[in-house]
Number of protein chains: 2
Amino acid sequence: MNLLLLEEADFIGPDRVILSDRRLTHMQEVHRSAVGDNLRVGRIGGLMGTAQVLRLEAREAELQVILDQAPPAKLPLTLVLALPRPKMLRRVFQTVATMGVPRVVLVNSYRVEKSFWQTPFLEPEAIREQLILGLEQARDSVLPEIVIEKRFKPFVEDRLPALVDGTLGLVGHPGNHPPCPRALTEPVTLAIGPEGGWIPYEIELLGKAGLQPVQLGERILRVETAVTALLARLF
Amino acid sequence: MNLLLLEEADFIGPDRVILSDRRLTHMQEVHRSAVGDNLRVGRIGGLMGTAQVLRLEAREAELQVILDQAPPAKLPLTLVLALPRPKMLRRVFQTVATMGVPRVVLVNSYRVEKSFWQTPFLEPEAIREQLILGLEQARDSVLPEIVIEKRFKPFVEDRLPALVDGTLGLVGHPGNHPPCPRALTEPVTLAIGPEGGWIPYEIELLGKAGLQPVQLGERILRVETAVTALLARLF
């Protein structure tokens, strides 16, 4: 936790918060905070800044906050991601939040196992929990938007073209394709497939929606590693 | 498992192997292999190719192998890594093997907790297990070399300069440094710090050994994410 994120419900006044959950435990056990100490904080969806510990008791802490810094810029990116297996999904939520992806669309794909859609990690509170861990890691206060599209074809045919419009559309896909471009400043829509990759029919439909295949070399990466590697290369 | 890796002990003849462990289970449960099927295989430390299933029983399988393909090239890199916490360490071993890092030096650092050095995940068999998972993912047959240097100063002063010689020496470090360079083809020696980063004294000693600080932006990445992001940007 490199940033302590504050929820609306924590505020008892314009510049005062009370904490009593895992953030208090973290202050006590990791930071070993004392009254008078300053901590980096951010208001979820708002500014970042510092907080001074006014009162620190076993069950709650009171902080005075000064929020005067803009959060770091997000990447100019929409990430379309075939739903990963549940254990990977949790880490991917953290990774996209840490890396500064502002919007993720989770889609179905032929090689996504149907059971993956049943995971409790897709419930809004579970998603939010992982995103917050990722923001705390990166020092960012703005949650990415997570969109769930359980049906591939209607999403790709009816809604994806509008997302791609005005952006560079790319789909990560192994094979004899151009290498992933580097150091872009323009907006990008990037699709990343499931373990085992997209099937040819999906690549064809994504192509019609404006996403052209690019590759990262002959090594096959886990989804989480592919997300990080593609973003680090693109921007 | 995108590649089935063969150990020397599996060979019962120049082109015959017998499998009976988790690789047999994987053939049965994931690939749902049958006699006559072909699988991608690699000989650890040697060539890659295909294997045909000659015999498939509950407790063992016999395969005929043709090894005629070179493994993918490794990155021209030595990675010097402050020892991560044990859970992260296991994933980092997989990641470096997947990404094609040929040599990793694990070093101590002021911010590495002493207890991390006690982890059973540092035992040679445990390291090898994770590296093999990473190679199976990437489709590579050559194990990275893992060097353990428990004392920072003697390593950096006495042995690091020889490793850096003839390479571009870099250390990932947040702050007002040049951005991490892109698309290099020359050999690199790259150091990545612990959670919380290197301390100034360590940056100074690394600098004397020939490693100059570079940064990846204001977001703070987990070690595993930083490794992937730096490698994807450098090469």
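Residues numbered from 1 in each chain as written. Chains lettered and ligands numbered in written order. Predicted model: local features only at pLDDT ≥ 70, side-chain atom pairs only at ≥ 80, totals over all residues. Heavy atoms only, no water.

(A) Summary view of the state of the cysteines. One pass over the full model with this rule turns up zero disulfides over all chains. Between B:Cys180, a cysteine without a disulfide, and A:Cys180, which holds the nearest cysteine sulfur, the sulfur-to-sulfur distance is 15 Å. (Disulfide = S-S within 2.5 Å.)

(B) Expanded view of the domain arrangement of chain A. All names here are of chain A. Here the domain parsing of chain A yields domain 1 (4-69) and domain 2 (77-234). For domain 1 and domain 2, the distance between their C-alpha centroids amounts to 33 Å. Contact with domain 1, which involves eleven residues of that partner, is made by ten residues of domain 2. Across the interface of domain 1 and domain 2, roughly 820 Å² is buried in total on both sides, 54% from carbon and sulfur atoms. In this structure, the connection of domain 1 to domain 2 is made through two salt bridges. One salt bridge connects Glu136 with Arg22, and the closest N-O pair in it is separated by 2.7 Å. At the junction of domain 1 and domain 2, the tally comes to four residue pairs in polar contact (both at pLDDT 80 or more). Per element, the largest residue contribution to the side of domain 1 that touches domain 2 is three residues, and it comes from strand 4 (residues 38-43). (Domains from an automatic or database assignment. Contact = heavy atoms within 4.5 Å. Buried area = accessible area lost by both parts, 1.4 Å probe. Salt bridge = Lys/Arg side-chain N within 4 Å of Asp/Glu carboxyl O. Polar contact = N/O pair within 3.5 Å; in protein donor to acceptor, adjacent residues only side chain to side chain. Helix = DSSP H or I, 4+ residues; strand = E, 2+ residues; numbered from the N terminus.)

(C) Representation of the interface of chain B and chain A in the model. Across the contact, 29 residues belong to chain B and 29 residues belong to chain A. Buried area between chain B and chain A, both sides added, is near 2500 Å², and the carbon and sulfur share of it is 49%. By the criterion of area lost to chain A, the three top residues of chain B are B:Arg219, B:Ile220 and B:Arg222, representing 30% of everything that side buries. Our count for the contact surface shared by chain B and chain A stands at four salt bridges. Notably, a salt bridge pairs A:Asp140 with B:Arg219, separated by 3.1 Å at the nearest N-O pair. Across the contact surface, chain B and chain A share 24 residue pairs in polar contact (both at pLDDT 80 or more). Looking at the side of chain B that touches chain A, the elements that each hand over two or more residues are helix 2 (86-99), helix 3 (124-138) and helix 6 (223-234) of chain B. Within the side of chain B that touches chain A, the residues separate by chemical class into eleven nonpolar, eight polar and ten charged. (Nonpolar A, V, L, I, M, F, W, Y, C, P; charged D, E, K, R; others polar.)

(D) Expanded view of the sheet that holds strand 5 (residues 48-56) of chain B. All names here are of chain B. Here six strands make up an open sheet; going across it, the order is 1-4-5-6-3-2 and the pairing mixed. Each edge of the open sheet is held by one strand with a lone partner, namely strand 1 (4-6) and strand 2 (11-13). Sheet twist, expressed as the mean angle between neighbouring strand axes with direction ignored, is 40°. The pairing of strand 2 with strand 3 (residues 16-19) spans two bridges and is antiparallel. Within the sheet, the bridge partner assigned to Phe11 lies in strand 3 and is Val17. Packing against the sheet, helix 1 (residues 22-29) makes contact with strand 1, strand 3, strand 4 (38-43), strand 5 and strand 6 (61-69), and its axis sits at approximately 150° to strand 1. (Pairing = 2+ DSSP bridges. Axes fitted to C-alpha atoms, helices over the stretch in contact; angles between N-to-C directions.)

(E) Up close: the relation of the copies chain B and chain A. With an RMSD of 0.0 Å, the operation that places chain B on chain A is a rotation of 180° combined with a shift of 0.0 Å along the axis. As the rotation angle and translation indicate, the two copies are arranged about a two-fold axis. Most of the interface of chain B is mirrored in chain A: 100% of its interface residues are interface residues there too. (Least-squares fit on C-alpha atoms with pLDDT ≥ 70 in both.)

(F) Examining the nonpolar core more closely. Core analysis: the largest hydrophobic core is formed by 123 residues, its most contacted members being A:Leu190, B:Leu160 and B:Leu190. The residues contacting A:Leu190, other than those within four sequence positions of it, are A:Leu77, A:Thr78, A:Leu79, A:Val80, A:Leu170, A:Gly172, A:Leu230, A:Leu231 and A:Leu234. (Core = buried A, V, L, I, M, F, W, Y, C linked by side-chain atoms within 4.5 Å. Buried < 20%, exposed > 50% of the residue type's maximum accessible area, 1.4 Å probe, protein only.)

(G) Expanded view of the environment of B:Arg16. Residues and elements named next belong to chain B. Following the sequence through the fold, Arg16 ends up in strand 3. Along the chain, Arg16 and Glu224 lie 208 residues apart, while their C-alpha atoms are 38 Å from each other. When neighbours within four sequence positions are excluded, Arg16 is seen to be in contact with Asp10, Phe11, Leu54, Glu62, Leu63 and Gln64. Reaching out from Arg16, the side chain makes a polar contact with the side chain of Glu62 at a distance of 3.3 Å.

(H) Inspection of helix 5 (residues 200-208) of chain B at higher detail. All names here are of chain B. Among the residues of helix 5, Glu202, Ile203, Leu205 and Leu206 are the ones counted as buried. Down the axis of helix 5, the buried side of the element spans an arc of 165°, and every buried residue falls inside it. Set apart from the buried face of helix 5 by more than 90 degrees, the exposed residues are Pro200 and Lys208. On the buried face of helix 5, the contacting elements are helix 4 (152-164), strand 10 (168-172) and strand 12 (212-214). Within two residues after helix 5, Gly210 carries a phi angle of roughly 110°, on the positive side. (Arc of directions from axis to C-beta.)

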